[in-house]
Amino acid sequence: MFQLRGKVPGAEWAGRPADLIRNACRVVRMFPVFPVALLPCLWQIAFDDSQQLREPVQELLSNHPQRAEQLERVLQDKRQSLRFAAADWLCRTPDPTLIEPLKAAVRREKQALVKCRLLQALEAAGAAVDEFLDGPALLEEATAGLARKRPAGSDWIPLAALPPLHWIDSGEQVDPSIVQWWVLQSVLARSIEPNPLT
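Model, not experiment: these values are computed from the prediction. (Residues numbered from 1 in each chain as written. Predicted model: local features only at pLDDT ≥ 70, side-chain atom pairs only at ≥ 80, totals over all residues. Heavy atoms only, no water.)

### With respect to the overall build of the chain
Condition: Each helix corresponds to a stretch of at least 4 residues labelled H or I by DSSP, and each strand to a stretch of at least 2 residues labelled E; elements are numbered beginning at the N terminus. Exposure classes here rest on a 1.4 Å probe applied to the protein chains alone. A residue is buried below 20% of its type maximum, exposed above 50%, and partly exposed in between. Values of accessible area rely on a 1.4 Å probe in the Shrake-Rupley scheme; residue burial ignores everything except the protein chains shown.
The number of helices and strands found in the chain is nine helices and zero strands. The order of α-helices and β-strands along the chain, N terminus first, is α-α-α-α-α-α-α-α-α. Counting every position in the chain, which comprises 198 residues, the buried fraction comes to 40%. As displayed, the chain offers around 11,600 Å² of accessible surface, 55% of which is attributable to carbon and sulfur atoms.

What follows is the structure, given as structure tokens:
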């Protein structure tokens, strides 16, 4: 179990770390008392870059009393991949006690993909995201995003030909740059599902 990361023991597991993780988690569930000595290793894998590796461990730790504390810590981490993993976990198993830390994370977040997932986690926890529908701030973010290189696989999208959208509350047209950036964010997220702001 202590070999969950790094070299996988046994030739039969070569190239199959996800299978090893899943089987290790099954073994841990059989323990009469949770093996505290494994926690540092498990928390590390719970925020791994690989979704296949982290999800079985996240399921194992979903009701652990330290979960909220660990998630709040990782939401402030400097590494984008860890922040995304934390937000992704909270999308699948929401925690209303982390609404305020999630809101703070959204306000700090500069990476579009992570910010979208954080907003989805907020929505999953039952929080309103209206406070983040600030026209000038969205336009500033969209302008910065559109100034960067377009994501791979988005060249075929005719951004200039997208239909106009209007805000529900005011009826005013949404700036086309914001709409274009929302579309590119979907490409970045590899999902046709709209984020909570769209």
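### Thoughts on the side chain of Ser-154
Keep this limit in mind: It only takes one pair of heavy atoms within 4.5 Å for two residues to be counted as in contact.
Here Ser-154 lies in the loop between helix H8 (135-147) and helix H9 (176-189). For Ser-154, a relative accessible area of 0% corresponds to the buried category. Contacts of Ser-154, omitting those with residues within four sequence positions, involve Leu-184 and Val-187.

### Points about the pattern of salt bridges
Quick reminder of the rule: Definition used for salt bridges: Asp or Glu carboxyl oxygen within 4 Å of a side-chain nitrogen of Lys or Arg.
Throughout the structure, instances matching the rule amount to eleven salt bridges. Among the salt bridges present, the one from Asp-88 reaches Arg-92, with a minimum N-O distance of 3.7 Å. Of the two residues, Asp-88 and Arg-92 both sit in helix H5 (residues 80-92), four residues apart, roughly one turn of that helix. For Asp-88, a relative accessible area of 5% translates into the label buried. Salt-bridge contacts for Glu-141 lead to Lys-115; the nearest nitrogen and oxygen are separated by 3.1 Å. Here the residue Glu-141 occupies a position in helix H8, and Lys-115 occupies one in helix H7 (residues 112-124), the gap between them amounting to 26 residues. One network of salt bridges, with partners in common, ties together Arg-54, Glu-55, Asp-88, Arg-92 and Arg-117.

### A closer look at the packing of H7 against H9
Angle between the axes and distance between the axes are the two parameters that describe a pair of packed helices. Worth spelling out the cut-off: Whenever a helix is involved, its axis is fitted only over the stretch in contact; in every case the axis is a line through C-alpha atoms, and angles between N-to-C directions fall within 0 to 180 degrees. In these notes the angle categories are as follows: under 35 degrees is roughly parallel, over 145 is roughly antiparallel, 65 to 115 is roughly perpendicular, and the rest is oblique. When residues are grouped by polarity, Ala, Val, Leu, Ile, Met, Phe, Trp, Tyr, Cys and Pro land in nonpolar, Asp, Glu, Lys and Arg in charged, and all others, Gly among them, in polar.
Where H7 contacts H9, the axes come no closer than 9 Å and their chain directions differ by 90°. With respect to each other, H7 and H9 are oriented roughly perpendicular. Contact residues: H7 offers Ala-112, Leu-113 and Cys-116, while H9 offers Trp-181, Gln-185, Leu-188 and Ala-189. When the residues that make up the contact of H7 with H9 are grouped by side-chain class, the tally is six nonpolar, one polar and no charged.

### Side note on helix H4 (residues 67-75)
The condition is simple: This arc is built from the directions going out from the helix axis to the C-beta atoms.
When we look at burial in H4, the residues that qualify are Arg-67, Gln-70, Leu-71, Val-74 and Leu-75. Projection of H4 onto a plane perpendicular to its axis shows the buried side chains occupying an angular sector of 135°, all on one side. In the core, the buried residues of H4 are packed alongside helix H2 (39-46), H5, helix H6 (99-108) and H7.

### Quick notes on the packing of aromatic side chains
Quick note on the threshold: Only Phe, Tyr and Trp rings are paired, with Trp represented by its six-membered ring, and only when their centres lie within 6.5 Å; those with planes under 30 degrees apart are stacked, over 60 edge-to-face, the remainder tilted. Distance and angle both matter: a charge sits over a ring if NZ of Lys or CZ of Arg is within 6 Å of the ring centre and within 35 degrees of the ring normal.
Counted by the stated rule, this structure contains three aromatic pairs. Plain terms: the ring middles of Trp-167 and Trp-182 are 6.1 Å apart, the flat faces sit at 90° to each other, and that makes the pair edge-to-face. A residue pair is termed long-range when its members are at least 10 positions apart, and Trp-167 in the loop between H8 and H9 and Trp-182 in helix H9 qualify at 15 residues. Counting every residue linked through ring pairs, the aromatic cluster contains Trp-43, Phe-47 and Trp-89. Over the ring of Trp-89 we find Arg-67, and its NZ or CZ is 4.7 Å from the ring centre.

### So, the nonpolar core
Nonpolar side chains tend toward joint burial in soluble globular proteins. Operational definition: Note on terminology: a nonpolar core comprises buried Ala, Val, Leu, Ile, Met, Phe, Trp, Tyr and Cys residues joined through side-chain atoms within 4.5 Å.
Core analysis: the largest hydrophobic core is formed by 40 residues, its most contacted members being Phe-47, Val-57, Leu-61, Leu-118 and Leu-122. Among the elements of the structure, helix H1 (17-30), H2, helix H3 (51-60), H4, H5, H6 and H7 are those that each provide at least two residues to this core. Counting eleven residues, the second-largest nonpolar core is a separate cluster that includes Ala-112, Ile-157, Ile-178 and Trp-182.

### Describing a nonpolar patch on the surface
The condition that has to hold: A patch is a set of surface residues, each over 30% in relative accessible area and not in a salt bridge, joined within 9 Å for like charges and within 5 Å for the nonpolar side chains Val, Leu, Ile, Met, Phe, Trp and Tyr.
On the surface, a cluster of nonpolar side chains totalling about 310 Å² of accessible area is made up of Val-27, Met-30 and Phe-31. Structurally, the position occupied by Phe-31 is in the loop between H1 and H2.

### Remarks on the environment of Cys-116
Inspection of the secondary structure puts Cys-116 in helix H7. Note on Cys-116: relative accessible area 8%, which makes it buried. Remark: the alpha-carbon pair of Cys-116 and Ala-87, spanning 29 residues in sequence, is separated by 9.2 Å.

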